Amino acid sequence: MNKKHDDKLALENLSIIDMERVILSIDCISGTESPHIKAALFRDAVISYAKPFLKNKFSDNSKGLCISTNHVPKNLKSVHKEVLDLRNELIAHTDMAIQNPEISRYKDEIGEMRYWVSVTGYRTIHKEYLLKPLQALAEAVQIELINSRGTMVKNNF
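Residues numbered from 1 in each chain as written. Predicted model: local features only at pLDDT ≥ 70, side-chain atom pairs only at ≥ 80, totals over all residues. Heavy atoms only, no water.

1. Details of the pattern of salt bridges
This is how it is decided: One side-chain nitrogen of Lys or Arg within 4 Å of one carboxyl oxygen of Asp or Glu is enough to make a salt bridge. Starting at the N terminus, helices and strands are each numbered in turn, a helix being any DSSP run of H or I of at least four residues and a strand any DSSP run of E of at least two. Using a 1.4 Å probe on the protein chains alone, a residue whose accessible area is under 20% of its type maximum counts as buried, one over 50% counts as exposed, and one in between counts as partly exposed.
Counting across every chain of the model gives five salt bridges. The salt bridge involving aspartate 18 is made with lysine 51; its shortest N-O contact spans 3.2 Å. On the criterion of sequence distance, the pair formed by aspartate 18 in helix 1 (residues 3–29) and lysine 51 in the loop between helix 2 (35–50) and strand 1 (56–57) is long-range, its members being 33 residues apart. We classify aspartate 18 as buried; its relative accessible area is 7%. A relative accessible area of 39% means that lysine 51 is categorised as partly exposed. In this structure, the salt-bridge partner of aspartate 44 is arginine 21, at a minimum N-O distance of 2.8 Å. Placement of the pair is aspartate 44 in helix 2 and arginine 21 in helix 1, with a sequence separation of 23 residues. Given the relative accessible area of 21%, aspartate 44 is considered partly exposed.

2. Looking at the confidence of the model for the protein
Selection rule: Note on scores: pLDDT gives the predictor's confidence for each residue, bounded by 0 and 100.
Scored by pLDDT, the protein has a mean of 89; 91% of the residues are at 70 or more. In the model of the protein, helix 4 (residues 96–99) stands out as the element of lowest mean pLDDT, 78, in contrast to helix 5 (residues 131–147), which has the highest, 96.

3. As for the nonpolar core
Going by this rule: Residues belong to a common nonpolar core when they are buried Ala, Val, Leu, Ile, Met, Phe, Trp, Tyr or Cys residues joined through side-chain atoms within 4.5 Å.
If you look at the biggest cluster of nonpolar residues, it comprises 34 residues, and the most contacted ones within it are Phe42, Tyr49, Phe53, Leu86, Leu134, Leu137 and Val141. The set of elements that each furnish at least two residues to this core consists of helix 1, helix 2, helix 3 (77–91) and helix 5.

4. Remarks on a nonpolar patch on the surface
We apply this condition: Two joining distances apply to patches: 9 Å for like charges and 5 Å for nonpolar side chains (Val, Leu, Ile, Met, Phe, Trp, Tyr), and every residue must have over 30% relative accessible area and no salt bridge. Only the protein chains shown count as cover for residues, and all accessible areas are computed by the Shrake-Rupley method using a 1.4 Å probe.
Together, Ile103, Met113, Tyr115, Val117 and Val119 make up an exposed nonpolar region whose accessible area comes to about 450 Å². No other element matches strand 4 (residues 113–118), which puts three residues into the nonpolar patch.

Structure below.
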């Protein structure tokens, strides 16, 4: 076996744990009333889900290590895309096209230019409607990864 193959094998096993984190984080959301804790748990679920599908590094530091989207059921591909987009555009990065900030300029009482920035949706990122689909997605991917363990040695990544 080569090291890249071993890295892929390890990533698939670590991904099973990541999917469990998604499930546990979503389960914990119902146990709190705090919107900040709900938002933090939701972000953890989104990040944990997206992590194995993104470009991770191999042990030799080369890029491109990720699990296959073949593990995502066809009926959940749109949820998968929405979760990855959410992670990429609002959680891990601040994409201005998505944030769409409004900048107001005005002069204060002594004539100095001041700015007012208004951004909608930035304080908390908690999309209630995604909870059940994301949990179903994580469960399906986890099961697929567990079931594919026997074929992983055949380079089925």
